[in-house]
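Listed here are the chains, written in short residue letters.
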Amino acid sequence: MVLKVINHPFEFDMKNLCTVFFPYEKIYDEGETDIIVISEQRGNTLIIDARVYDKSLKKTYTVDGKEDVAAAMSVLLYNTLSEIMGFKPDWGILYGVRPAKLMHRFSEQMGEQGSRNYFINDFLVSPKKADLAIEVMKHENSVIALSRDNSFSLYVSIPFCPTRCSYCSFVSHSVERTAKLVEPYVDLLCKELEETGKIASELKLRLETIYFGGGTPTTLSDKLLTKLFDTIKNNFDLSHLREYTVEAGRPDTVTNEKLIALKNAGVTRISINPQTFNDAVLAEIGRKHSSQQTLNAFELARQQGFDNINMDLIAGLPKDDLSSFKNSVDTAIGLGAESVTVHTLALKSGAYMVTRQQTFDLTDRLTASAMVDYSNDALSDNGYYPYYMYRQSKSLGNLENVGWCRDGRDCLYNVYMMDETHSVFAVGAGAVTRLKDYKTGKIQRIYNYKYPYEYIDSFDQIILRKKGILSFYDEYK
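What counts and how
- Numbers given to residues run from 1 along each chain, matching the order in which its sequence is written.
- Confidence filtering applies because this is a predicted model: local features only for residues at pLDDT of at least 70, side-chain atom pairs given and counted only at 80 or more, and all residues used for totals across whole chains, interfaces and linings.
- Only hydrogens and water are set aside; all other atoms, that is, all heavy atoms of the structure, feed into the side-chain values.
- Numbering of helices and strands runs from the N terminus, with a helix taken as a DSSP run of H or I at least four residues long and a strand as a DSSP run of E at least two residues long.
- Between the two quantities, the radius of gyration covers C-alpha atoms and the globule rule is 2.2 Å times the number of residues to the power 0.38.
- Only protein chains enter the calculation, and the probe is 1.4 Å; a residue is then buried if its accessible area is under 20% of its type maximum, exposed if over 50%, and partly exposed in between.
- Contacts are assigned to residue pairs that have any heavy atoms within 4.5 Å of one another.
- The way it works is a 1 Å grid over only the protein atoms, where trapped points that fit a 1.4 Å probe form a cavity and open points with protein on both sides within 12 Å along at least five of seven lines form a pocket, and then any residue with an atom within 4 Å of a point lines it.
- Grid points are joined across faces, edges and corners, and a volume is the space filled by probe spheres set on the points.
- Just so you know the grouping, Ala, Val, Leu, Ile, Met, Phe, Trp, Tyr, Cys and Pro go in nonpolar, Asp, Glu, Lys and Arg go in charged, and all remaining residues, Gly too, go in polar.
- Axis geometry follows a simple rule: fit a line to the C-alpha atoms, using only the stretch in contact for helices, then measure angles between N-to-C directions, giving values from 0 to 180 degrees.
- Oblique is the label for every angle not falling under 35 degrees (roughly parallel), over 145 degrees (roughly antiparallel), or within 65 to 115 degrees (roughly perpendicular).
- In this scheme, a helix's expected span is set at 1.5 Å multiplied by one less than its residue total.
- Pairs of N or O atoms within 3.5 Å make up the polar contacts considered here, provided that, within protein, one atom can donate a hydrogen while the other can accept it, and that residues adjacent in sequence are counted only when both atoms are side-chain atoms.

Chemist: How would you summarise the overall build of the chain if you had to cite specific residues and measurements?
Modeler: Within the chain, the secondary structure is distributed over 15 helices and 17 strands. On C-alpha atoms alone, the chain measures out to a radius of gyration of 23 Å, which is about the 23 Å that the 2.2 N^0.38 rule sets for 477 residues. Judged by the C-alpha coordinates and their principal axes, the chain covers about 65 × 55 × 45 Å. Put simply, the chain has 477 residues, and 56% of those count as buried. A fraction of 73% describes how many contacts in the chain between residues 6 or more apart in sequence connect residues 24 or more apart.

Written out as structure tokens, the structure reads:
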């Protein structure tokens, strides 16, 4: 598609909203195309002129001197495209990652009811999504209150999986293709953990949560996992640790030996992620396990005494339908998972031009919306509450990802990451350390190399970058 921005500086907002309505399209500023949007400002007059195949619409709006012109232009674009497409995304003109954090900011300024009204009337957010943002905000705030000015969390990246899922956008590699990198990677990861532990000790910081993510951490053998756990135990003060999470996301990686290793290390929370309980859908997305393996892994974890298990589900997977998704939600609830995280499928980058029929076909978006609505209702009705939420660009229907949990089973790390509550020291390939200045709210990031082979080849540079943590805290003090 082509987006032309004339005489105003709001191109970023216009592109993001166009992506909401046309997630499959690459956006250019010129060229021959079946979809063109012109966004123009002439003095106080705002103009949106859009053509989508054989449908055209032009709308104008006159702003007064007090109005937010960027917001007014976004509302005008949203209304124009909604009318052409016959589809009103529930999050209105919001495209940010953290709607609950935004709700918190507005609530401090105008109160809860005032911020709710602002979301609905000014951002065009549906009442049900505004209420969701408020509920998430309240639960997040109770977790955020636990953090201190010297708190930090630790993230450990294990970028290996048994196979790569078709929808995956994370830095992860099939272990079959990268097996020779695994042990050298773990060896260097231990060295990075040692260096990071020294820095945390020197700064007298308080470790609140540990999170092993990926990839699939349980792709590693029980011996390699234990090596990492022992390195953490020997280099970090764990006396204040509130939560220790390891993603055992792929059921085909879960063994009794690995669960024992996790339990011996003091891991308190794990994820066993079916994504769906439909075997045909699992095959379609490249997951080389069955629903029965998920059930077996869950039971094995229960036998080893794990009483805080999360399960991830994805709304909008290829070949899935509403009935199948309902069964997946009901199964997770029936198992008694302490938390269920419901993601909406995010479409991959590398979008492509589509046909008129595909452009106006709302089936996938409406189905994903019905799936998310069902999960919200079913989980709420069965004693779960939404404790954190984030959104991704190009998700089906511009929908959200929500973590639901039973009382007291909030994943603290997820909240701290989403809110940017305190510093997160991150180790491993693709890891991003986020440093938080409590006085100013300033966030500074230190990036590790993205891929395992880069991490191994440039490890000395990664250790040098870690010194930036000390520099940041020295300036902070």
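Further notes follow.
Chemist: Can you break down empty space enclosed by the protein residue by residue, with the values?
Modeler: Applying the stated criterion to the full structure yields 4 cavities of 30 Å³ or more. What lines the largest cavity is Phe21, Phe22, Pro23, Tyr24, Glu25, Val354, Gln358, Thr359 and Arg365. Of the residues that constitute the lining of the largest cavity, the class distribution is 5 nonpolar, 2 polar and 2 charged. A volume near 40 Å³ is recorded for the second largest cavity. Along its surface, the second largest cavity is lined by Tyr416, Met417, Glu420, His422, Val424, Arg434 and Ile443.

Chemist: If you had to explain the packing of helix 4 (residues 127-144) against helix 13 (residues 412-419) to someone new, which residues and values would you point to?
Modeler: For the pair helix 4 and helix 13, the least separation of the axes is 10 Å and the interaxial angle reads 100°. As far as their axial angle goes, helix 13 and helix 4 are roughly perpendicular. For the pair helix 4 and helix 13, the contacting residues are Glu140, Val143 and Ile144 in the first and Leu412, Val415, Tyr416, Met418 and Asp419 in the second. Across the contact of helix 4 with helix 13, the residue classes break down as 6 nonpolar, no polar and 2 charged.

Chemist: Which residues make up helix 10 (residues 322-335), and what values go with them?
Modeler: Over its 14 residues, helix 10 extends 20 Å from the first C-alpha to the last, a length consistent with the 20 Å expected when each residue adds 1.5 Å. Buried residues of helix 10: Ser324, Phe325, Ser328, Val329, Ala332 and Ile333, and no others. Residues of helix 10 that are buried sit in contact with strand 11 (309-315), strand 12 (339-344) and helix 12 (363-381). The opening residue of helix 10 is aspartate 321, an N-cap whose side-chain oxygen sits 3.3 Å from the backbone nitrogen of serine 323. At the C-terminal side of helix 10, glycine 336 shows a positive phi close to 85°.

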